[in-house]
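An overview of the molecular structure
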Amino acid sequence: DTSQRGQPPHVRHWCTSKHGSIRNQENRDEKRGRTEMEQRWLKTWKGNPTRKKRNVPRGTIPAIKKRNEARKAIHTQVDVETSTQGHAYVLPEGSKMTCQVICHEGGKTIQLRSDYPGTLLLHWGVQGGNRNQNQKGWWLPSEHAWPENTCKYKKRALQTPWKKNGDELALDIQLHGENMGDALVFVLKDPQKNKWYDNRSNNFRIALVGEDLQEFQETGGNVEAPQEATYDVPEDLAGVWAYLMWTNAGSPERSFEEANLEYQNAVEELQQLLAKGYSVEELYAASRGDKTIPGTSITSQEMRGTETPPSPSPREEEIPTELVGIQAYILWENAGKPDGADFTDAATAELSQKLRSGMTLQEVERSLNEPASPEPEPPTEERQEGLPTPASAEEERASPDSAEESTKLEAGVPSQKPTSEPQVAPPPPSLASTQNLDMRELIRKPNRAPKSLVPESAKKKSPLEPYVAEAAANPACQWRRLFNLGDKASLFVAAFVQEDGSTRVDMVSDCNVDLVAHWGVSRDKRRMWELPPLTMAPPGTTTVNDIAMETDFVPTKGKYEIGGKLVPTQTCSFTLPAKHDIAGLIWVLRSEDKTRWWKDGDSNFRAPVPGGVLDISSVSDDAMVQVIADAENSGAWTLMHRYNRVSDLLDDVMSGQYGKDWEDPVAKLFVWLRFSSTRQLTWQRNYNTQPRILSAAQERLTQKIVEAYERSSGEAKEWARQMLACVGRGGEGQKVRDDILRIMHKHRIPELKGTWMEEWHQKLHNNTTPDDVAICEAYIAFLEENGDNATYWRVLSDMGVSRERLESFERPIRCEPQDFPEKRAELISDFREYLSVLKAVHSAADLTHSVSAAGNMLSEELKGLLGYVLANRESPDVHHLLEASVNARTVVHTMMEGHRDLMYLDLALEGLVRSLAERGAGDQRYSSQLLGPLLQNLCLSVANNEEFVYCLMSWKGLPDSVFTDYPSQEDALKAMAVVDRLRRALANLSEVVSQRVQPAAESLGRAFGVEEWNIQLFAEETIRGGSAFAVSLVLTQIETMLRNAAKLSAWQVISPSHVLGVVEVVPNLQTVQEKVYEIPTILVSEDVTGEEEVPEGVVGVVTPSAPDVLSHVAVRARNMKVFLATCYERSPIDQLSSLQGEGISIQSTASGEVTYHKASMDNVMAGKSGSNSVSNGDFGALEVPSWCGEYTLMMDEFAPGKVGAKSKNLASLRGKLPEEINLPPSVTLPFGTFETILDHPDNKVVKGDLELLLEKVRHAPIETLAACRSTAVRVSIPGELKSALASTMKKAGLQWPGNRERWEEAFAALKKVWASKYNDRAYFSMKKVGLKISDLRMAVLVQRVVPAKYAFVVHTRNPSTGNDEEIYAEIVCGLGETLVGNYPGRPLAFVARKDDLHQILIESYPSKSLGIFCPESLIFRSDSNGEDLDGYAGAGLYDSVTMDRTIENQVDYSAEPLVTDEKFMYDLCFRIASVGKAIEDALGTAQDIEGVVESNGEITVVQTRPQV
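Residues numbered from 1 in each chain as written. Predicted model: local features only at pLDDT ≥ 70, side-chain atom pairs only at ≥ 80, totals over all residues. Heavy atoms only, no water.

Here's the deal with the overall build of the protein
- A count of helical and extended segments in the protein gives 48 helices and 49 strands.
- Per-residue burial for the protein yields a buried fraction of 53% across its 1508 residues.
- Contacts in the protein between residues far apart in sequence, at least 24 positions, make up 69% of those at least 6 positions apart. (Helix = DSSP H or I, 4+ residues; strand = E, 2+ residues; numbered from the N terminus. Buried < 20%, exposed > 50% of the residue type's maximum accessible area, 1.4 Å probe, protein only. Contact = heavy atoms within 4.5 Å.)

Written as structure tokens, this is what we have:
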């Protein structure tokens, strides 16, 4: 009697009973948590009365067909009704379907009627009969028996559309003769909603012959023929078995019918196994992988055994921490891997007993690392196998909580009782694999292309490429997209706005099957199908129904040739008038014979139409963005759909559909998944997904991500890893449904509508999502706080779930949580286990579950380290825990490629490290100790990590005093160099991430309708959620401490002065360098590279950037008395920025600080005469030298008026320097050479183009100067110049280029030097002082490139202080371009007194990231008449170019003696200072010197000029 369960009182469920097996049933009932009522029911359910028709009262409705559906019969009200007209079924949306069989001579007519509010398709076949007695399943009748418009579906079924008949749908099927069978079998489909309907997980079956037909007509029942007895197969077991069969087959795509057949096959296999004598419990164990049954269709899984600890024995000895960690891990694993467990004490007790038994430490370690126990200890009543041995009575008395702790450990539940004071964790166990690890092994470079699924050599161009290219080049094309149809076929669609305003949509395909477009239109963003207007239908179009038409594609010749023949294509075009109300086209494709259909993944094809109600500008031109947006806007949508679509797109990326470079498409997929994981997108809409189906989608996607990670490099690799963090691992999805029912039945919680538990149960049953983890945690907290509702809502809020969100679910949760005071303890325990199930499905990076899942791939050594981490997660000793976590992650990271569970463990450890950083960042005492592990963690997280690895190695190599509170000044300076480099690396990483994901976030976010503030913060939140932010947190605290210890000011004054001006804030100096300020101005510029020109009217520049002291802008500022300073703290920059538009006075102090205060405009204007404003003619006109008549000159021919100061000064040094200072062999192309060859007839056009451009330069300088440079390098080199250069170089001892190709490379470098006379900074600098660019002449100094290990610049007068008694020098690794060019970072900078060159003061240690290196070659140096005017700093305005391409390598200062070898460093500084003094003495004035140091230590001076 089921009236208690809400059934109508006149409906009765009943069955017959067979004796026997009741006792076994009782055992199963107890294990499965069945209710009392279910147990009574199932004890009697041993025979189906419907199989013995003589015992069935008339009017009986068979509640179930098979005994394994008994539980469903209890819980589900029958939805079948008897009718005098036949048989009636209840369909969705309150509609019904009636079936009536009419017998007539020779056959039967089946009449189907329904009031369903939509369209229906009958997917059907015939079962049984004489024609197919031996065929299993249904068969297809002959074609003459098919109703109108019937088509065959994959040769397995027929599909017939129902016809509209007034207010109802109708369909008649006539069967006779050989087409008669025992039954008509079918399912229904709503083609508009793409939904299938069946008869409660079975096919609809209409009996046609014999007693079955009589029973059907009389009762409306569908009574099956008597069958032999079958074995009871639990429905959940059958579902799991079918799923395992599917995954074992490679998770192929399945149709609805194939899925049903697979389920039936699973039932049959299980019944066969039961018949062989296997118990249901054994089958459950096999499905979990705990038992192996040979010969089944599922993949056998290894059994996980437990390790039995050896017998205890009394002996005391100090136990190494690493052994405690390994033992704790084993105990935690054997106890079921519970959350938050701490087995440290139990592990210590276990090991102590082993030592007391007489074992040595070596034997204990061997027993843990190589467990071998041929005869395990049998478990006793007092002790379970694999759990720690209870403490002795003395030990119990010694521990305040010993009795309680012992009880908990025996039960396998760790103690979670809080202690009065947190215990400090012991030092972590060390890993030999990390102790000896060379950090260089962590370096990852993007040095290989992604491994495409298809080899590049095997790829063929698509025949549609010409169409795609034409559309891309056509400005009339407003939208275009290439769709993949599979089987190497594609469909290209483009929408054009024509000259008359009409719109044309073209479709073209290279499919080798004749296509038909089944299409309609939509008139709004809802994209509902509507019948198109006849005016836009192409010729031959037919109307299919009231919402769609069909148009055949027309064959065309195509535009792509293979073997001299055009590949045929087929096209279809639609035209709309200039004014229309169409938002877009919607269509699917089918083959002409109706045997195949194509869709866009799970959705219809869609194309927006310009000129209608939809703003076409809102449609992205990015193919992937549009695909994602279209998918996300589908009517029925869940996490399952989203995950499957991402899997499909990842396949497309890996097959090369989105190009060779994966970074951008994979980053877009990450953005999509992150929007989803942060609840910005819906997790369920108009569709229910069973948990096991969701798990299958997660399994598929996560394996695809792992594959993409394995096959990619660089950025794409990191975005793939980040994708995995946005998706749960899947776990055992079916347990989400099963276990909530088990808990409810076990505790006799009724499935009562209007209660919290039932509301949550219904949500879990229909659509479990990651919100369920939060709900479960909140409910556990609610129970632990004795039913406190406030706790429940607080935990939900902390986890991002609001009351409104709960109520917004399609199965809403509106009730307050239920409390069961008498059952709280058991419910807490059960729901903690259930929380593990939910986390296994939904939580991407839960540490406990990640360790558990990866356990069989971990070494015992690594298990010990992870055991330490798990046991001490809440310890206040952040440093040791952080170190252990990072070491563990380092090992995992080296072995995780291709292993999903290890990748999840890597993500979980990364998350723990991030949270530990946030905990430890508040304690400045340990910041310097935390930076190393955090930086190592960042190296593991970043794709292109070379820069961070070198920072890590430099940090680890710093003196010990840095890691205390009191580092020395020298050591603090060394540390500051690492901090400076690390700061830049973090900034660069932030910029790379922002540039990659923010545009995608904006495109996708707006397409999804995400709130704008969430879109704008996307990149920032991505960065803040990563490992870099943890490093930045700690670095901020370290930097302040180190700056103080190094006695460094927050300011670095590059050009000291006292100026008054009006504050203006600019993003960078380059954008305003050509501007003229009418009043004295002080710029606060966020970015200064060092290559800019100081704008006219600017008297001061303040920046957080760090341009080099010897950069162009620095030299120019000092030359023009412009105040220039870098501020390393943000607060002063922000304060100055807040004074925008106000006058201030700013100056540097003797101590190197900067002071400023407000000034009146009168005072500002009064100082205008001393501002940076130089009138034309201050330097007069440049003296324009004439060409000397020679193309090249030897060094002894260098003379004024022929060559520039670089050449002259080198020549003047000959014979005046000590022997240890080398001068390079040199020749020079004199002044006027470029202008002379411009007059050559071959260069007439180039000369004319240059003259025209120079006339325009005043109006658009930047663009025109760029055009001048491009034009100058087009100049042809006459043969006589080549001959002269070869001859002169040979005389000078320079090796000239040996072949034509090398000559071309040499002349290309030469032309670039000539072209640099049109550099932007040179033009603006000359313009400011009244010099004409037309008067500039460029000599070119040609020298051998010395293969430099180091390069240096020496100023023999300290440029910062103007002190003539001090030499200032800078040294870098590689060539000197990193000193004079735009290469951020500091050099090794020092000051030496001329009266004692051994007295060296180091001002900064090197932090430049790059060194520039070049093989022995030629270099062409600028040597113009405008570089070294008296009082004018022209150095650095023009270019020097090497013949061979230079190589930029990142510098590893941890292996650089310039930093690591103090004696070597000071000796090199002394030698370089000596060079400076010797040259100044030789030439008699302060000099600006450039030179290099070779690997053998030899020093060569490459140029010198008077210091300005």
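More follows now that the structure is in view.
Here's the deal with the environment of Glu 784
- When you line up the elements, Glu 784 lands in helix α22 (residues 771–784).
- The class of Glu 784 is partly exposed, set by a relative accessible area of 38%.
- Taking C-alpha positions, Glu 784 is 7.3 Å from Ile 828, a pair spaced 44 residues apart along the chain.
- Contacts of Glu 784, omitting those with residues within four sequence positions, involve Ile 828 and Arg 832.
- Separated by 2.6 Å, the side chains of Glu 784 and Arg 832 make a polar contact. (Polar contact = N/O pair within 3.5 Å; in protein donor to acceptor, adjacent residues only side chain to side chain.)

Looking at the environment of Gln 929
- Locating Gln 929 in the fold gives a position in helix α30 (residues 927–941).
- Classification of Gln 929 as partly exposed rests on a relative accessible area of 26%.
- For the pair Gln 929 and His 880, spaced 49 residues apart in sequence, the C-alpha separation works out to 9.8 Å.
- Apart from residues no more than four positions distant in its own chain, Gln 929 is found in contact with His 879 and Phe 963.

Observations regarding a negative patch on the surface
- Side chains of Asp 514, Asp 552, Glu 592 and Asp 593 sit close together on the surface and give a patch of like negative charge.
- Residue position: Glu 592 is located in the loop between β24 (584–591) and β25 (597–598). (Patch = residues over 30% accessible without salt bridge, like charges linked within 9 Å, V, L, I, M, F, W, Y side chains within 5 Å. Areas by Shrake-Rupley, 256 points an atom, 1.4 Å probe, with all protein chains shown as cover. Salt bridge = Lys/Arg side-chain N within 4 Å of Asp/Glu carboxyl O. Lys, Arg positive; Asp, Glu negative; His and termini not counted. Charge placed at Lys NZ, Arg CZ, Asp CG, Glu CD.)

As for the pairing of strand β4 (residues 107–114)
- Counting buried positions along β4 yields six of eight residues, so the element is predominantly enclosed.
- Pairing geometry for strand β3 (residues 96–104) and β4, over eight bridges, is antiparallel. In the sheet register, Gln 100 faces β4, and the bridge partner there is Gln 111.
- Linking two consecutive strands that pair antiparallel, namely β3 and β4, is a turn of two residues; a positive phi of about 85 degrees is found at Gly 106 within it. (Pairing = 2+ DSSP bridges.)

Some details on the sheet that holds strand β42 (residues 1388–1393)
- Strand order in the open sheet formed by seven strands is β37-β49-β48-β40-β41-β42-β43, with mixed pairing between adjacent strands. Each edge of the sheet is formed by a strand with only one pairing partner; in this case those strands are β37 (1221–1222) and β43 (1396–1404).
- Inspection of the sheet shows strand β40 (residues 1348–1355) paired to strand β48 (residues 1487–1494) by seven bridges, in the antiparallel sense. Residue His 1355 lies in a different strand from β48, and its bridge partner there is Asp 1488.

Examining a nonpolar patch on the surface
- On the surface, a nonpolar cluster with roughly 230 Å² of combined accessible area is contributed by Ile 1079, Met 1161 and Met 1165.
- Inspection of the secondary structure assignment puts Ile 1079 in strand β31 (residues 1076–1087).

Some words on the pairing of strand β49 (residues 1499–1506)
- Among the eight residues in β49, seven count as buried, and that is most of the element.
- Here β48 runs beside β49; their pairing, made up of seven bridges, is antiparallel. Counted as the bridge partner of Gln 1487 is Pro 1506 from β49.
- Counted along the chain from β48 to the antiparallel partner β49, the turn is four residues long, and its residue Gly 1497 has a positive phi close to 95 degrees.

Observations concerning the side chain of Ser 928
- Relative to the helices and strands, Ser 928 is located in helix α30.
- The residues contacting Ser 928, other than those within four sequence positions of it, are Trp 955, Val 962, Phe 963, Thr 964 and Ile 1038.

Some thoughts on the nonpolar core
- Of all hydrophobic cores here, the largest spans 154 residues; its most connected members are Trp 672, Leu 905, Phe 948, Trp 955, Ile 1371 and Phe 1390.
- By residue number, the principal contributor to this core is helix α32 (residues 969–1008), which donates 17 residues.
- Those residues within four positions of Trp 672 in sequence are excluded, and the remaining contacts are Ile 628, Ala 631, Glu 632, Trp 637, Arg 642, Arg 645, Val 646, Leu 649, Leu 681, Leu 1004 and Phe 1008.
- The next biggest cluster of nonpolar side chains, apart from the first, holds 46 residues, and it includes Leu 1182, Val 1227, Met 1338 and Val 1441. (Core = buried A, V, L, I, M, F, W, Y, C linked by side-chain atoms within 4.5 Å.)

Quick word on the pattern of salt bridges
- A complete count under the given rule lists 64 salt bridges for this structure.
- Glu 148 is paired through a salt bridge with Lys 163; the nearest N and O atoms lie 2.8 Å apart. One end of the pair, Glu 148, is in the loop between β6 (138–139) and β7 (151–153); the other, Lys 163, is in strand β9 (residues 163–165), and 15 residues separate them in sequence.
- The shortest N-O distance in the salt bridge between Arg 1505 and Glu 1490 comes to 3.9 Å. Of this pair, Arg 1505 sits in strand β49 while Glu 1490 sits in strand β48, placing them 15 residues apart in sequence.
- One salt-bridge network, in which partners are shared between bridges, spans Arg 481, Asp 600, Asp 630, Arg 645, Asp 648 and Arg 700.

Some details on the sheet that holds strand β30 (residues 1058–1068)
- Taken in spatial order, the seven strands of this open sheet run β29-β33-β32-β31-β30-β34-β35, and their pairing is mixed. Each edge of the open sheet is held by one strand with a lone partner, namely β29 (1051–1055) and β35 (1154–1158). Each adjacent strand pair in this sheet contributes to an overall mean axis angle of 35 degrees, direction not counted.
- In this structure, β31 lies alongside strand β32 (residues 1096–1103), joined through five bridges in parallel fashion. Bridge pairing links Val 1084 to Val 1102 in β32.
- Across the sheet, helix α36 (residues 1112–1119) is in contact with β29 and β33 (1123–1127); its angle to β29 comes to roughly 70 degrees. (Axes fitted to C-alpha atoms, helices over the stretch in contact; angles between N-to-C directions.)

Looking at helix α42 (residues 1261–1272)
- A rise of 1.5 Å per residue sets the reference length of α42, with its twelve residues, at 16 Å; its end C-alpha atoms lie 16 Å apart and thus fit the reference within 8%.
- The complete set of buried residues in α42 reads Pro 1261, Thr 1264, Leu 1265, Cys 1268, Thr 1271 and Ala 1272. Buried residues of α42, viewed axially, fall in a sector of 120 degrees; they line one side.
- Of the surrounding secondary structure, the elements contacted by the buried residues of α42 are α40 (1233–1238), α41 (1244–1256), α44 (1300–1315) and α45 (1320–1328). (Expected span 1.5 Å × (residues − 1). Arc of directions from axis to C-beta.)

Overview of the packing of helix α18 (residues 691–711) against helix α19 (residues 714–724)
- Contact geometry for α18 and α19: axes closest at 8 Å, N-to-C directions at 160 degrees. One way to sum up the angle between α18 and α19 is to call them roughly antiparallel. Of the two elements, α18 crosses α19, and the hand of that crossing is left-handed. Seen from α18, the contacting residues are Thr 702, Ile 705, Ala 708, Tyr 709 and Glu 710; seen from α19, they are Lys 717, Ala 720, Arg 721, Met 723 and Leu 724.
- Looking at the contact of α18 with α19, its residues break down into six nonpolar, one polar and three charged. (Parallel < 35°, antiparallel > 145°, perpendicular 65-115°, else oblique. Left-handed = near helix turned anticlockwise from the far one by under 90°. Nonpolar A, V, L, I, M, F, W, Y, C, P; charged D, E, K, R; others polar.)

A short note on the packing of aromatic side chains
- Taken as a whole and judged by the stated rule, the model has 27 aromatic pairs.
- Between Trp 519 and Phe 574, the ring centres sit 4.5 Å apart and the planes meet at 55 degrees, which makes this aromatic pair tilted. In this pair, Trp 519 sits in strand β17 (residues 515–522) while Phe 574 sits in strand β23 (residues 569–576), placing the two residues 55 residues apart along the sequence. Of the two residues, Trp 519 and Phe 574, both sit in the buried class.
- Between Phe 675 and Phe 1018, the aromatic rings sit 4.9 Å apart at their centres with planes inclined by 45 degrees, giving tilted as the arrangement. (Phe/Tyr/Trp six-rings, centres within 6.5 Å; stacked < 30°, edge-to-face > 60°.)

Looking at the packing of helix α20 (residues 733–746) against helix α25 (residues 824–842)
- One way to put it is that α20 packs onto α25 with a least axis distance of 9 Å and a crossing angle of 170 degrees. By the criterion of interaxial angle, the relationship of α20 to α25 is roughly antiparallel. Here Gly 733, Lys 735, Val 736, Asp 739, Ile 740, Arg 742, Ile 743 and Lys 746 of α20 come into contact with α25, specifically with Glu 826, Leu 827, Asp 830, Phe 831, Glu 833, Tyr 834, Val 837, Leu 838 and Val 841.
- Class assignment of the residues belonging to the contact of α20 with α25 gives a composition of nine nonpolar, one polar and seven charged.

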